[in-house]
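Summary of the model geometry
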Amino acid sequence: MTLRITQFGESILLEKGKKVTSFDSGLTQLANDMLDAMDQAEGIGLAAHQIGKALQFCVVDVPEHPEYPMACILDSKPLAPSLVMPLALANPVVSPIPSDEYYCEEGCLSFPEIRGEVARPDRISVKYQDLEGNAHELECDGLLARCIQHEVDHLHGILFIDRMEKNTYAEIKAEVKGLKKRTQECLKAGKLPEIPPKQE
Ligand SMILES: [Zn+2]
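Right, let's walk through the structure included here.

Turning our eyes to something else, we now look at the coordination of the zinc ion. Summarising the metal site, the zinc ion is bound by the protein donors C108 (SG), H150 (NE2) and H154 (NE2), whose distances to it range over 2.0 to 2.2 Å. For the zinc ion, the single-chain donor residues occur in sequence as C-x41-H-x3-H. Of this pair, C108 sits in the loop between strand 6 (101-106) and strand 7 (116-121) while H154 sits in helix 3 (residues 142-154), and the two are 46 residues apart along the sequence. The residues C108 and H154 share a single accessibility class, namely buried.

Written as C-alpha cells, this is what we have:
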C-alpha cells in the first residue's frame, strides 16, 4: 500500500515533529514506505509530516547532475553523493556553513503543481541519526543541501511558502489558497485529500 501524501490545508503540516526515540524495524519500514511514496510521486525528499506522522524524520534521494556537482562529506570522509543516498535522517539538526545564499525554484509534494523561488544557503552541515540510531554529520551543498533544508523545515512545521519573499508569494497566493480550500472541503466531506492525478 502506498502511503498517502498530506496536502496543504491539513493541520499536521504545521506541527512540530516529536523526536525519534525507537530505532527498530518499524523505523526501517517507515523509511522504505516513505521512499516508495516519494518515488511514486516523483519527489526527491519527503518528511514524516507528509505521510501523516509528526516526527523528526525525513528521507531524501537527490540525483546527481553532471553540470551541478554536489559536495558530500560524511563523518569527515568525502564521498560520491550516490553512495549516501537514499538517505534517512532521524532527529536532523541543520547548521548553515558560511556560503552564498542563492535563489532556486522549489516545489513540494504537499503543494502539487505549485512552485516558487526560495533563498537558502548553498552549504550546510546536518547532524542526524541513522536507522540504527548511530550519530552522523553530513556536510553538503547544492541541491542536496537545499533538499535537506526544505525537509528539515517540514519537521518544524515550516513550509517553503513561509520562506518565500513577499513578491514571490504574491504570484502563487491564489493557487495556495485554492489548494487549502480544496483540502479543507475534502476533509469536511470526510475524504482524505490526495495529490490529484497528473494532467497529460
Ligand atoms: Zn515539502
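The structure having been displayed, the exposition proceeds.
With that out of the way, let us pick up the packing of aromatic side chains. Applying the stated rule across the entire model yields two aromatic pairs. Ring centres 4.7 Å apart and planes at 20 degrees place the aromatic pair F8 and F111 in the stacked group. With F8 in the segment before helix 1 (25-40) and F111 in the loop between strand 6 and strand 7, this pair connects stretches of sequence that are 103 residues apart. With a centroid separation of 5.0 Å and 70 degrees between ring planes, the pair formed by F111 and F160 is classed as edge-to-face. On the criterion of sequence distance, the pair formed by F111 in the loop between strand 6 and strand 7 and F160 in the loop between helix 3 and helix 4 (166-188) is long-range, its members being 49 residues apart. Over the ring of Y102 we find R146, and its NZ or CZ is 4.5 Å from the ring centre.

Time to look at the nonpolar core. Counting residues in each nonpolar core, the largest one holds 22 residues, and the members touching the most others are L138, L144 and I148. Among the secondary structure elements, those contributing two or more residues to this core are strand 2 (57-60), strand 3 (72-74), strand 5 (87-96), strand 8 (123-129), strand 9 (135-141) and helix 3. With residues near it in sequence (within four places) discarded, I148 still touches V60, V94, I124, V126, L138 and C140. With 18 residues, the next largest nonpolar core counts A37, A41, L46 and A48 among its residues.

Attention shifts here to the pattern of salt bridges. Applying the stated criterion to the full structure yields nine salt bridges. Across the pair R123 and D141 runs a salt bridge whose closest N-O atoms are separated by 3.6 Å. Of this pair, R123 sits in strand 8 while D141 sits in strand 9, placing them 18 residues apart in sequence. Among the salt bridges present, the one from K181 reaches E185, with a minimum N-O distance of 4.0 Å. Of this pair, K181 and E185 both sit in helix 4, separated by four residues, roughly a single helical turn. Residue K181 is classed as exposed on the basis of its relative accessible area, which comes to 54%. Counted as one network, the salt bridges with shared partners bring together E106, R120, R146, D153 and R163.

Right, let's get into helix 4. The largest bend in helix 4 is about 55 degrees, located at I172. Burial in helix 4 covers these residues: T168, I172, V176, L179 and T183. Close packing links the buried residues of helix 4 with strand 7. In the segment just after helix 4, G190 is the residue with positive phi, at about 80 degrees.

Now for the pairing of strand 9. Of the pairings in the sheet, the one linking strand 3 to strand 9 comprises three bridges and is antiparallel in character. The residue bridging C72 from the neighbouring strand is C140, located in strand 9. Judged from the seven bridges that link them, strand 8 and strand 9 form a sheet pairing that is antiparallel. Across the sheet, residue Y128 finds its bridge partner in strand 9, namely H136. Taken together, strand 8 and the strand that follows it, strand 9, pair antiparallel across an intervening segment of five residues, in which G133 is found at a positive phi of about 95 degrees.

About the thresholds
- Residues numbered from 1 in each chain as written.
- Predicted model: local features only at pLDDT ≥ 70, side-chain atom pairs only at ≥ 80, totals over all residues.
- Heavy atoms only, no water.
- Donors = N, O, S within 2.8 Å, 3.2 Å for Na, K, Ca; no water.
- Helix = DSSP H or I, 4+ residues; strand = E, 2+ residues; numbered from the N terminus.
- Buried < 20%, exposed > 50% of the residue type's maximum accessible area, 1.4 Å probe, protein only.
- Phe/Tyr/Trp six-rings, centres within 6.5 Å; stacked < 30°, edge-to-face > 60°.
- Lys NZ or Arg CZ within 6 Å of the ring centre and 35° of its normal.
- Core = buried A, V, L, I, M, F, W, Y, C linked by side-chain atoms within 4.5 Å.
- Contact = heavy atoms within 4.5 Å.
- Salt bridge = Lys/Arg side-chain N within 4 Å of Asp/Glu carboxyl O.
- Bend = angle between axes of the 7 residues up to and from the residue.
- Pairing = 2+ DSSP bridges.

So far we have only geometry, and geometry alone does not tell us how the molecule works.
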